[in-house]
Protein chains: 4
Amino acid sequence: MPKDQTPTGEYEIFERRESEARSYCRGFKTMFKKASGSELTDDKDRTYIDFLAGCSSLNYGHNDPDMKQALIDHISRDGIAHGLDLHTDAKSDFLKTFEEKILKPRGMDHKLMFTGPTGTNAVEAAMKLARNATGRENIIAFTDGFHGVTLGALAATGNGYHRGGAGITLNGVTRVPFDGYMGENCDTTTILEAMLQDGSSGVDAPAAIMLETVQGEGGLNAASTEWVQRVAELAKEHGALLIVDDIQAGCGRTGTFFSFEKMGIEPDIITMAKSVSGFGLPMGLVLVRPQHDVMGPAEHNGTFRGNTHAFVTARVAIEKFWSDDTFEKELAEKEKILSGAMDELAGIVGDTARLKGRGLMRGVDVGSGELAEEICGRAFEKGLVVETSGSDDEVVKILAPLTTPTETFRKGLDILLEAAREVVENHKTAAE
Amino acid sequence: MPKDQTPTGEYEIFERRESEARSYCRGFKTMFKKASGSELTDDKDRTYIDFLAGCSSLNYGHNDPDMKQALIDHISRDGIAHGLDLHTDAKSDFLKTFEEKILKPRGMDHKLMFTGPTGTNAVEAAMKLARNATGRENIIAFTDGFHGVTLGALAATGNGYHRGGAGITLNGVTRVPFDGYMGENCDTTTILEAMLQDGSSGVDAPAAIMLETVQGEGGLNAASTEWVQRVAELAKEHGALLIVDDIQAGCGRTGTFFSFEKMGIEPDIITMAKSVSGFGLPMGLVLVRPQHDVMGPAEHNGTFRGNTHAFVTARVAIEKFWSDDTFEKELAEKEKILSGAMDELAGIVGDTARLKGRGLMRGVDVGSGELAEEICGRAFEKGLVVETSGSDDEVVKILAPLTTPTETFRKGLDILLEAAREVVENHKTAAE
Amino acid sequence: MPKDQTPTGEYEIFERRESEARSYCRGFKTMFKKASGSELTDDKDRTYIDFLAGCSSLNYGHNDPDMKQALIDHISRDGIAHGLDLHTDAKSDFLKTFEEKILKPRGMDHKLMFTGPTGTNAVEAAMKLARNATGRENIIAFTDGFHGVTLGALAATGNGYHRGGAGITLNGVTRVPFDGYMGENCDTTTILEAMLQDGSSGVDAPAAIMLETVQGEGGLNAASTEWVQRVAELAKEHGALLIVDDIQAGCGRTGTFFSFEKMGIEPDIITMAKSVSGFGLPMGLVLVRPQHDVMGPAEHNGTFRGNTHAFVTARVAIEKFWSDDTFEKELAEKEKILSGAMDELAGIVGDTARLKGRGLMRGVDVGSGELAEEICGRAFEKGLVVETSGSDDEVVKILAPLTTPTETFRKGLDILLEAAREVVENHKTAAE
Amino acid sequence: MPKDQTPTGEYEIFERRESEARSYCRGFKTMFKKASGSELTDDKDRTYIDFLAGCSSLNYGHNDPDMKQALIDHISRDGIAHGLDLHTDAKSDFLKTFEEKILKPRGMDHKLMFTGPTGTNAVEAAMKLARNATGRENIIAFTDGFHGVTLGALAATGNGYHRGGAGITLNGVTRVPFDGYMGENCDTTTILEAMLQDGSSGVDAPAAIMLETVQGEGGLNAASTEWVQRVAELAKEHGALLIVDDIQAGCGRTGTFFSFEKMGIEPDIITMAKSVSGFGLPMGLVLVRPQHDVMGPAEHNGTFRGNTHAFVTARVAIEKFWSDDTFEKELAEKEKILSGAMDELAGIVGDTARLKGRGLMRGVDVGSGELAEEICGRAFEKGLVVETSGSDDEVVKILAPLTTPTETFRKGLDILLEAAREVVENHKTAAE
């Protein structure tokens, strides 16, 4: 993210009263007032193309008109706003739609566990399910994985800055190199396999192996199908559940609803959040196969488990985008545009650049966090909100709304390329 | 909670596809469609008085017209729905209002940390803040305390059923008896004091002492002012931060905005959630004194930290109810009514009954979970939603919206008393 | 312990090459060369009466002639020195003697587990046995308990200085106040009981309750029979094993072989070390009832489990001292002498003095660590080795060999009283 | 180890009263009475050549005459048997000898910390030192490493059977593949390097990297010099201490006093036990560079820290064997004999056999635990005590006393080869 800038005037309230933990606002220094589709508008009526999309929480863009209308209707008619986990019509409708449009067509028998409406809470529940279902404690997670910052999930998160925030030992997770971590010629599943097969490896029999198919925060590291399949096989062979954390990569981000759909695997547990509500409303969801649905009533609970407003918009999102393959086809088209732009960006940056990601979560590792931040900062000046990721923030990461009109999409990408060109040019000039 | 009943027909979808972890819906077997003020309406158009109020998440009732209008306006004008932790007008407005109406009048210099929008996430952040601010790991928590079910918060939660769900050792918390736990004649702060003073007690120097002034889930155990003050003193003497978890007892539930306002203490950290959004929308908030605001940018993060819709309604809630002392005075009146009804309920139950709670979170320990559930089940048949709490669910717990009109309030209480009378009478008859 | 003094000359090698962790040598600054019975002799041929006795590891004195002869015979005839846990005649003989003289007369069916030859290793094994036998993790330990400093045992040890040495979170132990910790009028088993009975206390169902009947390192805190019995009952009621750590208080130190013999309890597991070899040789022993003897072959192991030389001397010790009640009767006599001297010591110190301990592990809490160390330091100058204990080293602790001849015993006590008188007198003079 | 056989007669006492945790005695079913040099004698006066040597605790053989005489002299003259960590002449003499003969010639400035007299206790102390010296918690350990079974050390031990005995989560250790673990073509330090360099790897900055240069229990896996050097470099680069656990591989077992002497590394901490006392007496020792000698007085303690009898024999052992290079040269000769025999053994077993180990801790991976146990069982019948190691006990492991006379050495090896031939032949016959 672009470096902090001293707030003045209208931002004083944030500096005075909001915790130092605030972050995005430090890089994108303006006051946002409204948003529609792929555009944000600030209080000076300046408009920005949004290629951050709430970190993939706004895959369908801001204030989608259909979801918006449904939500206004729901509120207007005094629909339930907060319903604990009581039966509500909104939840029933969501469940039916999710079953009909998502689960059945994919042959999935999973049940839905509504956790506190955050990704980290979904991950905590998934880890508990796996531990209780297997009677084991150890969970295998991968280098550069990001699963959240509450204590259970944080143990599975790789990022040292976040881990350091714990203030206490993080337990119960064994770390294994992700796909590509040891270079192209090393299949890291061989390490996993060796450690699981050897009773003296010190890696205790795992309750689960948890992975993201594309590590969004970790730098857009995309696992290959073969690698994921091998991990899935190893999980099965060793009695471990396979958890796919699809919080950032799910909901169409990679081109299909689930990120793993075309990989031929059947995860035992899937965690979702971010875009699952469709509208950016908080929602957390764990999909779990019936045989592993072992938490008793309220054993994992939380007041906001099931956010009724989110059920309303989530239902509309699924009906609108996932009733047939139209949306998927659009995504495939858009992916080509993005892919081309990333090639171009890499070309601008030069030989050190590496293409990252998959589907519509792509980026370029530009070699250093400083350069990536400079490019994003310049882009912001030009009206584009775009962020970095990776362990050193070295990846310029594109997470545009999936619904971004082609013209806007190209425009945003052009801004980014222009910003990159200027920054790289400046560096060359400075070096001469 | 009333026992499970076999779902049929319209509930099939829940049984087929929702996780076994679902709970409230098992006891209140109907399908809720709308809600207004203190009343819920189901799909058969039957109306229920709501004395559960989203477990104190709906202190201002369902769909408060002013919040509702503000939210519809916000959505209608394409206000930001999801803004990460960017600067938004909605957040700015909320911060200003919270500062003006809540913090300044109470002489508080706390900063606001917006965490993932759940109580447990706020608690996790509070525990991290304390551990990082002090460089210590141990956190003192109390018997019967409830602080959430993600792994960090769960270590501080007393309930064995929830703890067992962890599937892994829970660390970093020392447990001390809460006020009244050892009977009336034992001041349990003497135990805390002895253990803190003794370098060989095995209780490591604490980062924080965390308490609820009234333990909502733990059975409406209300700590005395003297006890809380003594704990606060001990925290100060031993270099520990004082964390008040005001998630359930805050937002007016005890008669004042914060539950500890009249206790003459200054907590270093306060956690809020539940009713802080006013409308039942997910929101989590940590108030932390500036000197302890030590988490770096995004060190504790989460996509839904700061729920923009919640900022909108939370601002209205504070303006509407906390701009002057009108609401507090109403609460004092209502407390008398509630207190009288609880006396009456205890009288019906008989000698074993014990009055529990404080302010507008009150109840009666009826001696057994079975009896409490029976009373609540009977009340539900009569049109009242009311729940139990306590380690054996032995407390009938009243958490009516604070805004409940007097007539409705009395009506709900009458239903409860009638239900209790019938149940007790039946037991007597059965015993004869 | 008396304060450090700068080593010179012959002690240089210790300062140069022995770790800073060395401790007793700092207080008793001389070079010991030989020892017999209750006397140590240094390299200047000065003789000291030993009231420390290897912290109760030399209950039968130094170089007991019978054990010494048996050991020399064993070594001379090329008896096994190191036998892993193979069958050896020395182990067989020890087992038979221990069964015949110790277990059978006391109606005990316990089996013997030879662990690595240290107390902490025995405690680690005991904790593992309890956790594996019950499938639970939590172990209840008490304030001021001392059980060793390896990581598992250290979690159960109360002393903050030792705990701080861990450098990592200590897990799996819940701390409860020991007998007398909350003053005379508080029966601390009521706290334990309340927390065990309440499913929401946050104290997880315990695998074991582990206690010393007299806390040697913790300040000679002697539990009453009633208190220990109540703890034993609570353990049984709640499915927890009762572990008595008899490492310091066992082997006759309280007047009987086991410290709990006259308390009418049947511990499930007993840990022994220190004097169990009789000769001061390293030995660790866990007694465990057959139904809890659940560790598989070598599951808990260690190269030095079973120290064959120690088996030789241990057998002689048991045959010599525990074949009939002669020794016990002598101990009863000696206890009276010690008790009288402690009264006298308390009288010298004045009103703040408190009598501590039981049997032949007794002392006086003189009110401050400084005073206690000064008294011990003065006694050392006069030819008596005596140490302090307690969380602030505030207790002058007598751990004379149980075999000390009466004359020597009185002489040592006289030195101590004289030292105390001089120190107290000096303080008075200084204060005037 | 050979399978258990039902005890009868003279072994009843072991079955009746010794814990099920006993192990070696199950495989070598006889009663040993005496031992001298490389031979054990049982109660039927049958003599066995000992190629187990107390798991490398008897590197100088049983009852070495010089150590034996020194120990008898010490005991006879009432030398201190148990001296806590007081200054004693025996300790002083040992320290001086160790400094003169071991440390100075090797240019080592390490200090000696005497821990409880077991290897696991030395490892616990080493881990504490590293954690306290660096203020970090994480310790890197390797697959198949064995460091002991007390809770701290056990976390670093790879063996799943031992780990499972903990009954509680093991924390604070990250596991990395040892040299050769991923096959010949994978330098596993690249994995370690990648994870240490990446701030998002999830591997927290380590306090220490702990390794055995030859993993004795893990299957005689010998690390290459290059690999160890690279690990040492990585430790230095990343601010971690290097701990070499030389408990089994030290004291001449690999041909030099320390196992790493010819590797050009300078470990910050070295743990020793097993043969350090020379005579098989319990002794634990940590060598630590002065700048990391950070434990305070008694911060890590234990009654038997420093076993005075062991000091006596340890001094003799060092004087006798390590005053010049005579012994090392003998070891080099013996290594050739052993190496040849292992080639021969591998030839008998066939293509699946793999040579393991280094120096005088060598063996052959015969492909299965069953086969290895059968060979060892047959050898025992023929008068040779020899054991297996490895995660599946698949390695026939030779740990003969280093002082074994050549003739006896060859004789023992011949028995082993003969046993192997018979077993392999039988299998072939059975298969036909």
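Note that the structure is predicted; figures quoted are calculated from it, not measured. (Residues numbered from 1 in each chain as written. Chains lettered and ligands numbered in written order. Predicted model: local features only at pLDDT ≥ 70, side-chain atom pairs only at ≥ 80, totals over all residues. Heavy atoms only, no water.)

(A) Expanded view of the relation of the copies chain B and chain A. Each copy of the sequence occupies a distinct position, and chain B is placed on chain A by a rotation of 180° and an axial shift of 0.0 Å, giving an RMSD of 0.0 Å. Such a combination of rotation and displacement between the chain copies is what one expects of a two-fold axis. For chain B, the residue whose C-alpha comes nearest the rotation axis is Leu151(B), separated from it by 2.6 Å. Most of the interface of chain B is mirrored in chain A, where 100% of its interface residues again form contacts. (Least-squares fit on C-alpha atoms with pLDDT ≥ 70 in both. Contact = heavy atoms within 4.5 Å.)

(B) Structural detail: the environment of Phe321(B). Residues and elements named next belong to chain B. Within the element layout of this structure, Phe321 appears in helix α11 (residues 308-322). Once the C-alpha coordinates of Phe321 and Glu217 are considered, the two residues, 104 residues apart in sequence, prove to be 25 Å apart. Beyond its immediate chain neighbours, meaning those up to four positions away, Phe321 contacts Tyr60, Asp64, Met67, Phe327 and Thr403. (Helix = DSSP H or I, 4+ residues; strand = E, 2+ residues; numbered from the N terminus.)

(C) The arrangement of the packing of aromatic side chains in detail. Residue and element names in this part refer to chain A. Counted according to the given criterion, the structure contains 76 aromatic pairs over all chains. With centroids separated by 5.2 Å and ring planes inclined at 80°, the aromatic side chains of Phe257 and Trp322 adopt a geometry described as edge-to-face. Separated by 65 residues along the polypeptide, Phe257 in the loop between β10 (241-245) and β11 (269-272) and Trp322 in helix α11 (residues 308-322) bring together distant segments of the chain. By relative accessible area, Trp322 is classed as buried at 5%. (Phe/Tyr/Trp six-rings, centres within 6.5 Å; stacked < 30°, edge-to-face > 60°. Buried < 20%, exposed > 50% of the residue type's maximum accessible area, 1.4 Å probe, protein only.)

(D) Expanded view of the interface of chain A and chain D. Taken residue by residue, the interface counts 27 residues in chain A and 27 residues in chain D. Buried area between chain A and chain D, summed over both chains or domains, comes out near 2,200 Å², and the portion from carbon and sulfur atoms is 48%. Between the two partners, chain A and chain D, sit 2 salt bridges. Across the pair Asp204(D) and Arg163(A) runs a salt bridge whose closest N-O atoms are separated by 2.7 Å. Every element with two or more residues in the side of chain A that touches chain D is listed here: α8 (160-164), β6 (173-176) and α9 (189-197) of chain A. With 4 residues, the top contributor of residues to the side of chain A that touches chain D is α9(A). Across the side of chain A that touches chain D, the residue classes break down as 8 nonpolar, 13 polar and 6 charged. (Buried area = accessible area lost by both parts, 1.4 Å probe. Salt bridge = Lys/Arg side-chain N within 4 Å of Asp/Glu carboxyl O. Nonpolar A, V, L, I, M, F, W, Y, C, P; charged D, E, K, R; others polar.)

(E) Representation of helix α13 (residues 369-381) of chain B within the structure. Residues and elements named next belong to chain B. Taking 1.5 Å per residue, 13 residues should reach 18 Å; α13 reaches 18 Å between its end C-alpha atoms and fits that length. Listed in full, the buried residues belonging to α13 are Gly369, Leu371, Ala372, Glu373, Ile375, Cys376, Gly377, Ala379 and Phe380. The first or second residue beyond α13 is Gly383, which carries a positive phi of 100°. (Expected span 1.5 Å × (residues − 1).)

Note that every value here comes from positions in space, so none of it alone points to a role or purpose.
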